[in-house]
Amino acid sequence: MNNNHKIIALIGLLMLEMVQNSVASVVSTGDFDKDFFVIWSPSHVNTSSDGQTRSLKLDQESGSGFSSNQMFLFGQIDMQIKLVPGDSAGTVVAYYLTSDQPNRDEIDFEFLGNVDGKPYILQTNVFADGFDNREERINLWFDPTKDFHTYSILWNLHQIVFMVDWIPIRVYRNHADKGVGFPRWQPMSIKVSLWNGDSWATNGGRDKIDWSKGPFIASFGNYKIDACVWKGNARFCRADSSTNWWNKERFSSLTSTQRRYFKWVRKYHLIYDYCQDNQRFQNKLPKECSLPKY
C-alpha cells in the first residue's frame, strides 16, 4: 500500500470514529444568516441566497468579519474554509473561539497568507485567563486555496484538539491541577475574520500586501456547531451527559489512530513550537511544555 492509500485509509478510520462517537447535539442550522451576525464591514460580507456559504473580502478600504449569535462552553466546531488564492502575503484569515473578556480565553486558528508559490502557514494559539504566548505553526500538506477543507476545534474538560480534515495537528491538555491555565469557565463565541496583518504575518512583516492583487476573498461553508449553548450555568456544560458527548472519558485523549497522525504532523509539518523556543523564554519554558500532550 503506497503512502497516499495509507493516508486515505487512516482518514477513513478517523471519520468513522467521529461518526460512531458523536451522539449528536447539533445546535447549528447550517445557515450563516441564522447562526451568525456581521460584526465588521457588511459591504465586504457576501452570503449565498440559501445561507449555506459566505465569503469575506479584504481591500484597501476594510477587512470583514462575523460572529456567532450564541456563546458556548465546550463542544466541537467544524468549519469548511477555502483560503485567499494567489499572492496572499500579509493577509490573515482568523477562525477562533473567544470569551471577549479582559482576562479572555481564546482558541485560535490563524491562516497566514504568503507570496505566490510559497505555502500557507497555519498558526494556532491558546489564551487562558488572558495569557497567550502559546503559538505553534505548521505548513499545510495541501493547497488550501484550491478547495474547501474542514478545520475543527474539539474543546472539552480534558483537552483542546485542533484538527485539519479530522487530522489532529495540535493538542493542549487540561493541566489546571498542575497550575497551567486552561479555558474551562468562560463561555466563548465563534468568530471569523479576514484582515490586514502585514505588519507581522508574512516573513516577519517583511512581505507586505500587494493591493494590486486584491480584492482578497476567503470563503466559508458547511459548518457544524455541536456544543453546549451558554445559559449562565457552567455546571450544565461541564456535566458528563449523553448530550455533552465531548466530555465523556473516550474523548479525554487521542485515539491510537489520531496519535499516529498527530506524530506525523509533528514530524513533517511543524515549523514552530513555543515549547522549543528556549531563547524566547530565556530557558524557562512554560510548565505545560514538560507535561504530557495525551
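The rules behind each value
- What you see as residue numbers is a count from 1 along each chain, following the sequence as written.
- Per-residue local features are limited, in this predicted model, to residues with pLDDT of at least 70; the limit for side-chain atom pairs, both in listing and counting, is 80 or more; totals at the level of whole chains, interfaces and linings are taken over all residues.
- Hydrogens and waters are ignored; side-chain quantities use all the structure's heavy atoms.
- UniProt positions are given in the numbering used here, feature names are shortened, and annotations may be inferred rather than shown by experiment.
- Throughout this description, buried means an accessible area under 20% of the type-specific maximum (1.4 Å probe, protein chains only), exposed means over 50%, and partly exposed covers the range between.
- Going along the chain from the N terminus, every DSSP run of H or I of four or more residues is numbered as a helix, and every run of E of two or more is numbered as a strand.
- We treat two strands as partners when DSSP finds at least two bridges between them.
- Only residues whose relative accessible area exceeds 30% and that form no salt bridge are eligible for patches; like-charged ones are grouped when within 9 Å, while nonpolar side chains (Val, Leu, Ile, Met, Phe, Trp, Tyr) are grouped when within 5 Å.
- Shrake-Rupley sampling with a 1.4 Å probe provides the accessible areas, and residues are treated as covered by the protein chains on show and by no other component.
- Salt bridges are defined by distance alone: a side-chain nitrogen of Lys or Arg within 4 Å of a carboxyl oxygen of Asp or Glu.
- Contacts: residue pairs with any heavy atoms within 4.5 Å of one another.
- Within this scheme a cavity is a closed region of a 1 Å grid, computed over the protein atoms alone, that accommodates a 1.4 Å probe without allowing it to escape, whereas a pocket is open but has protein on both sides within 12 Å along at least five of seven lines; lining residues each have an atom within 4 Å of a point.
- Grid points are joined across faces, edges and corners, and a volume is the space filled by probe spheres set on the points.
- Here the nonpolar group is Ala, Val, Leu, Ile, Met, Phe, Trp, Tyr, Cys and Pro; Asp, Glu, Lys and Arg are the charged ones; every other residue, Gly included, is treated as polar.

With an unreviewed UniProt entry as reference, the protein is termed Xyloglucan endotransglucosylase/hydrolase, source organism Castanea mollissima. Its UniProt record, at the heading Function (unreviewed entry), says of the protein: "Catalyzes xyloglucan endohydrolysis (XEH) and/or endotransglycosylation (XET). Cleaves and religates xyloglucan polymers, an essential constituent of the primary cell wall, and thereby participates in cell wall construction of growing tissues." What the UniProt record of the protein gives under Sequence similarities (unreviewed entry) is the line "Belongs to the glycosyl hydrolase 16 family."

K.L.:
Provide a residue-level description of the pairing of strand 7 (residues 106-112), including the pertinent values.
P.N.:
In terms of burial, strand 7 is a largely internal element, 7 of the 7 residues being buried. Residues Glu106, Asp108, Glu110 and Leu112 of strand 7 are buried on one face, and the alternating residues Ile107, Phe109 and Phe111, pointing to the opposite face, are buried as well. As paired strands, strand 6 (residues 91-98) and strand 7 are joined by 7 bridges and run antiparallel to one another. Paired with Thr98 across the two strands is Glu106, which belongs to strand 7.

K.L.:
How would you summarise the pairing of strand 8 (residues 121-127) if you had to cite specific residues and measurements?
P.N.:
Of all 7 residues that make up strand 8, 7 are buried, and the element is covered over most of its length. Of the two faces of strand 8, the one lined by Ile121, Gln123, Asn125 and Phe127 and the one lined by Leu122, Thr124 and Val126 are each fully buried. Relative to strand 8, strand 7 runs antiparallel, the two being bridged by 7 bridges. Note that in strand 8 the partner of Glu110 across the bridge is Gln123. In the sheet, strand 8 pairs with strand 9 (residues 136-139) via 4 bridges, with the strands oriented antiparallel. Of the residues in strand 9, the one forming a bridge with Ile121 is Asn139.

K.L.:
Outline a nonpolar patch on the surface, listing residues and values.
P.N.:
Together, Phe37, Ile39 and Trp40 give the surface a local cluster of nonpolar side chains, amounting to about 270 Å² of exposed area. Looking at the secondary structure, you find Ile39 in strand 1 (residues 36-40). Overall, Ile39 belongs to the partly exposed group, its relative accessible area being 41%.

K.L.:
Go over the environment of Asn46 with me, naming the residues and quoting the values.
P.N.:
Mapped onto the elements, Asn46 comes out in strand 2 (residues 45-47). Looking at Asn46, the relative accessible area reads 52%, which means it is exposed. Spatially, the C-alpha atoms of Asn46 and Asp129 are 34 Å apart, while their sequence positions differ by 83 residues. If we skip the residues at most four places from it in the chain, Asn46 touches Thr53, Arg54 and Ser55.

K.L.:
Describe empty space enclosed by the protein, naming the residues involved and giving the relevant values.
P.N.:
Enumeration over the complete set of coordinates arrives at 3 cavities of 30 Å³ or more. The space that makes up the second largest cavity amounts to roughly 90 Å³. As for the second largest cavity, its lining consists of 13 residues, of which Val171, Tyr172, Tyr274, Glu288 and Lys293 are closest to the centre. Residue contributions to the lining of the second largest cavity peak at 4 residues, all from strand 12 (residues 167-173). Residue composition of the lining of the second largest cavity, grouped by class: 7 nonpolar, 1 polar and 5 charged.

K.L.:
Lay out unusual backbone geometry with the relevant residues and their values.
P.N.:
Residue Pro215 follows Gly214 across a cis peptide bond; omega there is 0 degrees. Among the structural elements, Pro215 can be located in the loop between strand 13 (189-196) and strand 14 (216-229). Even without being a glycine, Ser41 presents a positive backbone phi close to 55 degrees. The backbone of Asn222 shows a phi angle near 50 degrees, a positive value even though the residue is not glycine. Mapped onto the elements of the fold, Asn222 is located in strand 14. Accessibility expressed as a relative area gives 56% for Asn222, which makes it exposed.

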